[in-house]
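# Architecture at a glance
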Amino acid sequence: MTRLASKLKSLIRAGGPMPVSAYMNACLHDPEHGYYATRPGIGRDFITAPEISQVFGEMLGLWALHEWQALGSPERFSLVEAGAGRGTMMDDMMRAVRQANGGQGFDVAINEASPVYSAAQKERLSDLHPSFLGAFQSIGEAPFILIANEWLDCLPARQFVQSDGDWHEKVVGLDDQGDLAIGIATDKANAPAFEMRDGATSFEVQPALETLVDVLKDAFSVVPGRALFIDYGVSEGAPGDTLRAFQRGLQVGPLALPGSSDLTVDVDFGRLRRLAEKAGLSGHGPVEQGPFLMGLGVEARMHALIRANQGRAEEIYKGVTRLVDPAEMGRRFKVICLSAPGLAAPVGF
Ligand code: SAH
């Protein structure tokens with residue numbers, strides 16, 4: 001049993017079952033035992049696109065450069081990353097930007113929940129002097145582009161099921177043996193307003209998507225900019241329960257190893273876009289990662305990299321293939337862009 005499991009059991013014994021979202025939040029961010037707070041496992045429990053190939057961050061850096069230029073190359077400008085992991089993507093993005101224009105005008109900022117990753121980012125990105133945004137309050141002081149890879153999927157999800165004609169929230173409580181178990185709250189739920197698939201009897205919702213859209217709306221009412229998110233999920237018809245846990249590359253039960261496994265859900269991109277458009281932002285996508293990267297010229301970049309590093313040709317080719325192949329990450333991963341109203345369509349959509 002993990003130490004977080006013991007802590008959660010006492011909390012549940014004292015205060016009753018907790019919503020799935022509170023469980024997910026504790027598993028990821030509990031200051032003493034949370035997964036991201038204490039033992040983040042990129043490269044061990046799971047692997048992300050920037051860690052597979054440097055070309056991923058480079059293409060996004062060139063995308064950001066193009067969109068900065070489309071904003072009129074503002075002198076004060078921030079490239080903001082949310083959930084920057086080891087700092088690899090920011091490093092690769094800014095190398096590409098610097099090669100293309102010297103990095104002029106680009107201030108780098110990071111929003112990161114994990115103290116362990118913040119420390120890694122400070123070290124990795126020391127020459128970029130990134131500022132760390134406690135929350136997103138300070139975005140909006142200058143035009144900005146926010147980019148986040150595999151960040152939306154960590155935002156806690158609430159789950160609801162229909163039973164006897166009423167909606168009830170799924171909760172984590174204790175079974176007869178005193179072990180963690182998923183159950184259904186007896187009280188009727190005030191389910192958040194949510195467009196239901198016809199006939200659906202369960203749904204999952206990430207309330208933080210609303211908060212994110214509110215933050216962007218406030219910022220874009222002051223300055224122009226864009227927010228680009230890459231993650232796994234569906235464009236439409238989100239399933240009702242996608243909560244999954246991973247440890248050392250293997251899927252484990254979501255209740256099996258709280259705090260020592262990564263917990264994640266699929267992103268409902270259709271909902272994110274609808275929320276954004278309702279708030280007056282413009283939405284582009286989701287498009288699939290493979291075609292998005294191909295449209296930005298990933299093949300040409302791959303060939304140039306291979307020419308310069310003949311000895312690593314196979315590794316470079318395999319990495320890029322993994323990112324774009326529909327049977328690997330090319331289709332399952334999607335890209336969505338939310339922008340200040342009135343801007344032309346971003347490149348790649
Ligand atoms: N983008 C990186 C890391 C992905 S893992 C990559 O592609 O490799 C998820 C990242 O989001 C981690 O850095 C994690 O600490 C961070 N994170 C998770 N929830 C967060 C939150 N609510 N606010 C800010 N960062 C968060």
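The following paragraphs examine the structure supplied in this document. From a predicted model like this one, the values you see are computed outputs, not experimental measurements.

All right, on to the environment of Pro31 then. One can find Pro31 in the loop between helix H2 (20–29) and helix H3 (35–38). With a relative accessible area of 71%, Pro31 lands in the exposed category. In the structure, Pro31 is positioned 285 residues away from Ile316 in sequence and 38 Å away in space, judged by C-alpha atoms. Contacts of Pro31, omitting those with residues within four sequence positions, involve Ala37 and Thr38.

A complete count under the given rule lists eleven aromatic pairs for this structure. Ring centres of Trp68 and Phe77 lie 6.5 Å apart, and the angle between their planes is 55°; on these two criteria the pair is classed as tilted. Through a chain of ring-to-ring contacts, the aromatic side chains of Tyr35, Tyr36 and Tyr117 assemble into a single cluster. The ring of Phe132 has Lys122 lying over it, and the distance from NZ or CZ to the ring centre is 5.0 Å.

Before going further, it helps to spend a moment on helix H12 (residues 313–324). For H12, built from twelve residues, the straight-helix expectation of 16 Å at 1.5 Å per residue is met to within 8% by its first-to-last C-alpha distance of 17 Å. For H12, the full list of buried residues reads Ile316, Gly319, Val320, Leu323 and Val324. Across the axial projection of H12, the buried residues extend over an arc of 125°, all falling on one side. Of the exposed residues in H12, those oriented more than 90 degrees away from the buried face are Glu314 and Lys318. Packing partners of the buried residues in H12 comprise helix H4 (49–52), helix H5 (54–70), helix H10 (289–295) and helix H11 (298–308).

Next up on the list: the environment of Ala142. Assignment of secondary structure puts Ala142 in the loop between strand S4 (131–132) and strand S5 (144–149). Through-space distance from the C-alpha of Ala142 to that of Glu81 is 15 Å; in sequence the pair is 61 residues apart. Each residue touching Ala142, except ones within four places of it in the same chain, is listed here: Arg76, Phe77 and Val223.

So, on to the pattern of salt bridges. If you walk through the whole model with that rule in mind, you get 21 salt bridges. In this structure, Asp30 and Lys7 form a salt bridge, with 2.8 Å as the shortest nitrogen-oxygen distance. You can see Asp30 sitting in the loop between H2 and H3 and its partner Lys7 sitting in helix H1 (residues 3–15), a full 23 residues away along the chain. When the shortest N-O distance is used, the salt bridge between Glu51 and Arg86 registers 3.1 Å. Of the two residues, Glu51 is situated in helix H4 and Arg86 in the loop between strand S2 (77–82) and helix H6 (88–101); the sequence distance between them amounts to 35 residues. Arg86 sits in the partly exposed class, given a relative accessible area of 35%. Each of the salt bridges in this network shares a partner with another, and the network as a whole consists of Glu58, Asp92, Arg95 and Arg301.

Criteria and thresholds
Within every chain, residues take consecutive numbers counted from 1 along the sequence as written. Reporting of local features is limited, given that this is a predicted model, to residues whose pLDDT is at least 70; pairs of side-chain atoms are given and counted only at 80 or more, and all residues count toward the totals for whole chains, interfaces and linings. To get the side-chain values, take all heavy atoms of the structure and skip hydrogens and water. For helices the rule is a DSSP run of H or I covering at least 4 residues; for strands it is a run of E covering at least 2, with both sets numbered from the N terminus onward. Burial status follows relative accessibility: with a 1.4 Å probe on protein chains alone, a residue under 20% of its type maximum counts as buried, one over 50% as exposed, and anything between as partly exposed. Note on contacts: a residue pair is in contact if any heavy atoms of the two residues lie within 4.5 Å. Stacked, tilted and edge-to-face pairs are distinguished by plane angle, under 30 degrees for stacked and over 60 for edge-to-face with tilted covering the rest, among Phe, Tyr and Trp rings (Trp via its six-membered ring) whose centres lie within 6.5 Å. Lysine and arginine charges are scored as sitting over a ring when NZ or CZ, respectively, is within 6 Å of the ring centre and within 35 degrees of the ring normal. Multiplying 1.5 Å by the residue count of a helix minus one yields the expected span of that helix. When we speak of the arc, we mean the arc of directions from the helix axis to the C-beta atoms. Here, a salt bridge means any side-chain nitrogen of Lys or Arg that lies within 4 Å of a carboxyl oxygen of Asp or Glu.

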